[in-house]
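# Residue-level structure breakdown
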Amino acid sequence: SQTIHQWPATLVQPVGSPLSLECTVEGTSNPNLYWYRQAAGRGLQLLFYSVGIGQISSEVPQNLSASRPQDRQFILSSKKLLLSDSGFYLCAWSELGDGKLFFGSGTQLSVL
Amino acid sequence: RKEVEQDPGPFNVPEGATVAFNCTYSNSASQSFFWYRQDCRKEPKLLMSVYSSGNEDGRFTAQLNRASQYISLLIRDSKLSDSATYLCVVNPTGGFKTIFGAGTRLFVKA
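The shown structure was predicted, so the numbers you read here are calculated from the model rather than taken from an experiment. (Residues numbered from 1 in each chain as written. Chains lettered and ligands numbered in written order. Predicted model: local features only at pLDDT ≥ 70, side-chain atom pairs only at ≥ 80, totals over all residues. Heavy atoms only, no water.)

Okay, the overall build of chain A next. Looking only at helices and strands, chain A has 0 helices and 11 strands in total. Of the regular secondary structure in chain A, the N- to C-terminal order runs β-β-β-β-β-β-β-β-β-β-β. Taken over C-alpha atoms, the radius of gyration comes to 13 Å for chain A, in line with the 13 Å a tight globule of 112 residues would show. Expressed as lengths along the three principal axes of its C-alpha atoms, the size of chain A is roughly 40 × 25 × 20 Å. Across the 112 residues of chain A, 48% fall into the buried class. Looking at chain A alone, contacts between residues at least 24 apart form 54% of all its contacts between residues at least 6 apart. If you sum the accessible surface of chain A, you get close to 5,200 Å²; carbon and sulfur atoms cover 53% of it. (Helix = DSSP H or I, 4+ residues; strand = E, 2+ residues; numbered from the N terminus. Rg over C-alpha atoms; globule rule 2.2 N^0.38 Å. Buried < 20%, exposed > 50% of the residue type's maximum accessible area, 1.4 Å probe, protein only. Contact = heavy atoms within 4.5 Å. Areas by Shrake-Rupley, 256 points an atom, 1.4 Å probe, with all protein chains shown as cover.)

Pasting the structure below:
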């Protein structure tokens, strides 16, 4: 069966520091991969999606970037965090890109 | 107008009650529709797909009304464990830009 791993679960970072969140998927090949962010009490905002290695589509202009160095690995990065980057970050995968998404357990990021 | 709109609630219902949520979407070309459930500080989990003919899974029934551009979720015989936030999800073009509503909060009380 397919599983998705996301870490860390909680992260507290100072403003201006770098960020790297990693997500890996097991049990499937060539998944579609996504990064979402959820601000407190808000809906999920799609940040990036990827349909293959090295293929990244950005949905929201910001100081975040994403990379997919391997088929089942998706990384979210920032060179300098802002206060507004705080939120709940969720990695997800899908097989068909039809809206059936399977999420990792999320990373609660607090930028102070 | 938001692409997907939901009443944020909260809906406070006693155990055993029937409760219904609606969700409206703006893009008439939307192809796929889903309900997800999200517990506090947890990841969303797929609850059920919503088909044009409607579908039922145990105590849960989902309906789609394309003419009025809304989907609904009906929960019968509510359980304490149904307390969660229910997210309406729309896939506008059958592609990858899945849109999530902000969610409807449900509290089921003993």
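Residue and element names in this part refer to chain B. Alignment of strand β4 (residues 32–38) against strand β5 (residues 45–50), held across 5 bridges, turns out to be antiparallel. If you follow Y36 over to β5, its bridge partner there is L46. Between β4 and β5, which pair antiparallel in sequence order, lie 6 residues; one of them, R41, sits at a positive phi of approximately 60 degrees. (Pairing = 2+ DSSP bridges.)

In this section: the side chain of N55 of chain B. All names here are of chain B. Along the chain, N55 turns up in strand β6 (residues 55–57). Only 3.3 Å separates the side chain of N55 from the backbone nitrogen of Y51, close enough to count as a polar contact. In this view, N55 contacts M48, S49, V50, F60, T61 and A62; residues no more than four positions away in its chain are not counted. (Polar contact = N/O pair within 3.5 Å; in protein donor to acceptor, adjacent residues only side chain to side chain.)

Okay, the sheet that holds strand β8 (residues 73–78) of chain A next. Residues and elements named next belong to chain A. The sheet built from 4 strands is open, its strands ordered β1-β3-β8-β7 with antiparallel pairing. Single-partner strands in this sheet number two, and they are β1 (3–7) and β7 (64–70). Put simply, the sheet's adjacent strands are angled 15 degrees from each other on average, direction ignored. Direction of pairing for β7 relative to β8: antiparallel, over a ladder of 5 bridges. Residue S65 lies in a different strand from β8, and its bridge partner there is S77. (Axes fitted to C-alpha atoms, helices over the stretch in contact; angles between N-to-C directions.)

Looking now at the interface of chain A and chain B. Counting from both sides, the interface comprises 21 residues of chain A and, opposite them, 20 residues of chain B. Summed over the shared surface of chain A and chain B, the result is 1 salt bridge. E59 of chain A is paired through a salt bridge with K97 of chain B; the nearest N and O atoms lie 4.0 Å apart. Taken together, the links from chain A to chain B amount to 4 residue pairs in polar contact (both at pLDDT 80 or more). Elements that contribute at least two residues to the side of chain A that touches chain B include exactly β4 (32–38), β5 (44–52) and β9 (87–94) of chain A. (Salt bridge = Lys/Arg side-chain N within 4 Å of Asp/Glu carboxyl O.)

What follows is about the sheet that holds strand β3 (residues 19–25) of chain B. Where strands meet in a sheet, backbone hydrogen bonds hold them as pairs that are either parallel or antiparallel. Residues and elements named next belong to chain B. Taken in spatial order, the 5 strands line up as β1-β3-β8-β7-β6 in an open sheet, and their pairing is antiparallel. Edge positions in the open sheet fall to β1 (4–6) and β6, since each of these has one partner strand only. Direction aside, neighbouring strands of the sheet carry axes that sit 20 degrees apart on average. Bridge count between strand β7 (residues 60–65) and strand β8 (residues 70–75): 6 bridges; the pairing is antiparallel. Pairing of A62 across the sheet is with L73, part of β8.

None of this, on its own, says anything about what the molecule does.
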